[in-house]
Amino acid sequence: MTIALTLTGIRKSFDGFLALDDAAFSVGGGEVHALLGENGAGKSSLMNVAAGLYAPDSGEIAIDGRPVVLAGPADARRHGVGMVHQHFKLVKPFTVAENILLANPRPGYRRGMAATREAIARQAETLGFAIEPDRRVADLSIAEQQQVEIVKVLVGGVRILILDEPTAVLTDAEADRLLETVRRLAETGVAVVLVTHKLYEVKRHADAVTVMRGGRTVATADPRTASTAELTELTVGQTTPLPARASFDHGGTRLNVGALTCARADGQVTLADLSFFVRSGEIYGVAGVSGNGQAELAEALVGIRPPLAGEIWVEGAGDLAKAAPTARRDAAVAAIPADRFSHALAGSLSIAENFAVGEVHCGRYGGWPLIDRNAMRRATAAAVAAFDVQGVRSLRQKAALLSGGNAQKLVIAREFSREPAVVVAHSPSRGLDARACGAVHQRLLAARDAGAAVVVISEDLDEILTLSDRIAVMSRGRIVAEFDRPADRQAIGRAMVDHG
Amino acid sequence: MTDFLINWIAGIPVTAAPYALAALGLIISERSGILNLSAEGLMLVGAMTGVASCIVLGGHPLIALVIAMVASSVVSLLFAMLTVVLRINQVIAGLAIVFFCQGLTGLIGNLAGWQNHPIAGLDKWTIGPLSEIPGIGKILFIQDPVVYLAIPIFYLVNRVLRFSMVGLNLRAVGENPAAADAAGVSVALYRIAAIVAGSALVGLAGAYISVVGVKLWFTGMVGGRGWIAVALVIFARWAPWPALGGALLFGCIEAVIPRIAAAGIRVPQYLMLMLPYLATIAVMVWAGATQRGGAGEPGALGQPHVREERR
């Protein structure tokens, strides 16, 4: 096996924060090499250096044994290094072919377009993708967009392919299919770097694994011989097991959703006559294949999208279906949206402001003319400590500088600052590492034990199974099946697919 | 009545051309993601330099138009530096350029004594026997060269935007600069080039008003047409041909104003002069009510691009 890419002694800092500290990594042709680590461990930063997006402060990059200086992503691609980012770098209104031509320019638009179509067809056939070059990327599913990203990189003749958390956005079945494709690619001689925080993916699909922690590469191992416990130890330092759940001791109905109907602006119905109830002290899990109305349900529950018809009844507050977000807050409905930085936090505002905004409208920090910033900071400091939000150097620091897990903890701290009556959590552990995920789950279970009605909407079946007292399966905007705990994973999986 | 109609319609291209050219110039720069409010100012620069070059240099008026285009492009480099290099808020930068140009053209033009100095201007072309056709001849075949040139310019810009590598890169920069950057397209270079190229057309629009339309220059003669062009771009959803349609609509309104007075119809003068702006509001209301979801708007319009920002 030849060494394709070697990184040695890489250091990189952002605003004085050392993201990478003497990191080293190497991958050979034909190898699937996993880069394992928690969020904020520096995996993406290290790979962004390899892909030419970040210039390292110091350190050496060698491709095929020759040291190189990468001037930018395009230069990296010329050297044969291509990266599929976690947040896709696709121009949404463009077609598939336009996106691929953009990244792999060819002289002459018409001839270039023809050649690009041919190249797409060739790659799609090799990889077993069904990609139509003339479809708009905005109309594609997440899995399809990822396929476009992979084809885009491969069309450019890349021999070192970096996949940044590729399965984070996929369902189980889609993830399996992708990882099989990755294996097939490696067999053609491509060096594949699989950035991930999922241990089972490493165990099942990687030839080698390098573990990162706190910006350093701490070990390289063979996943077939290393035990799960060893790898976990290396990644996390120490493990936090999920606490034993208290017995299921629910009260009366706290949240009742009746005949909820939603439609998109173009008239397509996204939620059709959907009904369910959640009792106090109960976690109600909503599973389903992505794009079956889960996002719309979450948005309707927290008040981002008013439903066309139906009721959202909360004990003590009445029907909130058409109520404003403040009315929902007054009814103690806690919202934990899927996309933290679009719907939960204002990245450019400070941590204190992001925390205080939850209660500022009810006068907790002074009346309308003046805001008591000291009270705001005191409350935030207390919450940051209580909810173990790390990486806070100052309460004035921008919220965007928090890593995913800590940002989510900040959201939960705000939403739980008053005892919540109803919790709506959409993909609460998306993009979080094991430890942060465990912490989030603990908080949700604590809310349940304190008597809240908790709705967890997630495409991660493990998360649903761990948390839920009752599980619903959503398909095409309806609830098609309900299961009591302990639920049969197979049966849930079948219900998800049968109607999907 | 027929005479009134023919004269009115024949007058439309002259009033519509500044709107059309300015809107097209703005479309080029806004497609690259730069929210460009500088049109009014750059049109003033074009209007003044056009007349100035006629008075000072003489020569063919088409040369004056070219000089005006160059002058606007040079001034637009200031806007490009503010928005692309320094990443100042694009609305503020655009407004600053407008007020700067208002002051600058007023100062230079009056110091040099170009105010109300009549020039020969650009004559209309009479296209042979075709111009003899009753009605249609006067409307279609007796117009100035810029009007005839406008059609191929629109065709060319539309084609380059939609079916060329340059256009593909430019649109990508405007829709998703991070993706364009990752694809190896220089975001800053494309944005600066788009501003400069678009501003040449905006300058041409301004010079057209003074050199071809009024055939003299006075302070602030653009009179808000630049702002209407900004509105036209939104109305046209950032697409060239609809912008031409919109420009013709405004041309219609502007062309009818003097003719109504001339025909002896008694309507309050200021109400008539207000019409284009009233129409702007009406068009915006219509656009807002019918075109939901920001279709056509470049995804990154108004957003400066910074590469190494961590989220």
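Everything numeric in this text was worked out from a predicted model, so none of it was measured. (Residues numbered from 1 in each chain as written. Chains lettered and ligands numbered in written order. Predicted model: local features only at pLDDT ≥ 70, side-chain atom pairs only at ≥ 80, totals over all residues. Heavy atoms only, no water.)

(A) Structural context of the packing of aromatic side chains. Enumeration over the complete set of coordinates arrives at seven aromatic pairs over all chains. Relative to A:Tyr284, the ring of A:Phe276 has its centre 4.8 Å away and its plane inclined at 10°; by these criteria the two rings are stacked. Classification of A:Phe276 as buried rests on a relative accessible area of 4%. Relative to B:Tyr148, the ring of B:Trp125 has its centre 6.3 Å away and its plane inclined at 25°; by these criteria the two rings are stacked. Taken together, the positions of B:Trp125 in strand β1 (residues 125-126) and B:Tyr148 in helix α6 (residues 145-162) put the pair 23 residues apart, joining distant regions of the chain. A relative accessible area of 22% means that B:Tyr148 is categorised as partly exposed. Seen from the ring of A:Phe387, A:Arg443 lies directly overhead, with NZ or CZ sitting 4.2 Å from the centre. (Phe/Tyr/Trp six-rings, centres within 6.5 Å; stacked < 30°, edge-to-face > 60°. Buried < 20%, exposed > 50% of the residue type's maximum accessible area, 1.4 Å probe, protein only. Helix = DSSP H or I, 4+ residues; strand = E, 2+ residues; numbered from the N terminus. Lys NZ or Arg CZ within 6 Å of the ring centre and 35° of its normal.)

(B) Geometry of the pattern of salt bridges. In the structure shown here, the tally under the stated rule is 26 salt bridges over all chains. A salt bridge links B:Glu254 to B:Arg225; its shortest N-O distance comes to 2.8 Å. Placement of B:Glu254 in helix α11 (residues 240-262) and of B:Arg225 in helix α10 (residues 225-235) is noted, with a sequence separation of 29 residues between them. As far as burial versus exposure is concerned, B:Glu254 and B:Arg225 are alike and both buried. One continuous salt-bridge network, built from bridges that share partners, spans A:Arg279, A:Glu282, A:Arg470 and A:Glu482. (Salt bridge = Lys/Arg side-chain N within 4 Å of Asp/Glu carboxyl O.)

(C) Representation of helix α9 (residues 294-302) of chain A. Residues and elements named next belong to chain A. The buried fraction of α9 is high, at eight of nine residues. Within α9 the residues assigned to the buried category are Gln294, Glu296, Leu297, Ala298, Glu299, Ala300, Leu301 and Val302. Following α9 by one or two positions, glycine 303 has its phi on the positive side, about 95°.

(D) Highlighting α11(B). Residues and elements named next belong to chain B. With 23 residues, α11 should cover 33 Å at 1.5 Å per step; its first-to-last C-alpha distance of 34 Å lies within 8% of that length. The largest bend along α11 reaches roughly 30° and is located at valine 256, with the proline proline 258 sitting one to four residues downstream. Within two residues after α11, glycine 264 carries a phi angle of roughly 80°, on the positive side. (Expected span 1.5 Å × (residues − 1). Bend = angle between axes of the 7 residues up to and from the residue.)

(E) Spatial organisation of the environment of B:Arg31. Residue and element names in this part refer to chain B. On the secondary structure map, arginine 31 appears in helix α1 (residues 2-31). Put simply, arginine 31 and glutamate 297 are 266 residues apart on the chain and 8.2 Å apart in space, counted from C-alpha to C-alpha. With sequence-adjacent residues up to four places away left out, arginine 31 is seen in contact with Leu161, Leu170, Arg171, Gly174, Trp238 and Pro298. A polar contact is formed between the side chain of arginine 31 and the backbone oxygen of tryptophan 238, at a distance of 3.0 Å. (Contact = heavy atoms within 4.5 Å. Polar contact = N/O pair within 3.5 Å; in protein donor to acceptor, adjacent residues only side chain to side chain.)

(F) A look at the pairing of strand β3 (residues 32-37) of chain A. All names here are of chain A. The element β3 is extensively covered by neighbouring structure, given that six of its six residues are classed as buried. Residues Val32, Ala34 and Leu36 line one face of β3 and the alternating positions His33, Leu35 and Gly37 line the opposite face, and both faces are buried. As defined by bridge partners, β3 adjoins strand β8 (residues 191-196) across five bridges and the pair is classed as parallel. Bridged to histidine 33 within β8 is valine 193. Here five bridges tie β3 to strand β9 (residues 208-213), and the two strands are oriented parallel to one another. Pairing of alanine 34 across the sheet is with valine 209, part of β9. (Pairing = 2+ DSSP bridges.)

(G) Expanded view of the nonpolar core. In terms of nonpolar packing, the biggest core is built from 125 residues, with A:Val96, A:Ile150, A:Leu161 and A:Leu163 touching the most fellow members. For this core, the element with the highest residue contribution is helix α9 (residues 187-214) of chain B, accounting for 13 residues. When residues no more than four places from it in sequence are discounted, the contact partners of A:Val96 are A:Ile120, A:Ile131, A:Glu132, A:Pro133, A:Arg135, A:Val137, A:Leu140 and A:Val148. Counting residues in each nonpolar core, the second largest holds 51 residues, with A:Phe355, A:Ala375, A:Val440 and A:Ile464 among its members. (Core = buried A, V, L, I, M, F, W, Y, C linked by side-chain atoms within 4.5 Å.)

(H) Up close: the packing of helix α3 (residues 61-85) of chain B against helix α4 (residues 90-112) of chain B. Residue and element names in this part refer to chain B. Orientation of α3 relative to α4, taken along the N-to-C sense of each, is 155°, at an axis distance of 9 Å. One finds that α3 runs roughly antiparallel with respect to α4. Handedness of the crossing formed by α3 with α4: right-handed. Taken together, the residues of α4 that come into contact with α3 (itself represented by Val75, Leu78, Phe79, Leu82 and Thr83) are Gln90, Ala93, Gly94, Ile97, Phe100 and Cys101. Taken together, the residues that form the contact of α3 with α4 break down as eight nonpolar, three polar and no charged. (Axes fitted to C-alpha atoms, helices over the stretch in contact; angles between N-to-C directions. Parallel < 35°, antiparallel > 145°, perpendicular 65-115°, else oblique. Left-handed = near helix turned anticlockwise from the far one by under 90°. Nonpolar A, V, L, I, M, F, W, Y, C, P; charged D, E, K, R; others polar.)

(I) Main features of the sheet that holds β8(A). Residues and elements named next belong to chain A. Taken together, the six strands give an open sheet; going across it, the order is β6-β7-β8-β3-β9-β10, and neighbouring strands pair in mixed fashion. For this open sheet the edge positions go to β6 (81-84) and β10 (216-221), each flanked by a neighbour on one side alone. On average, each strand axis in the sheet is tilted by 20° relative to the strand beside it, whichever way the strands run. Relative to β10, β9 is paired through five bridges, and the arrangement is antiparallel.

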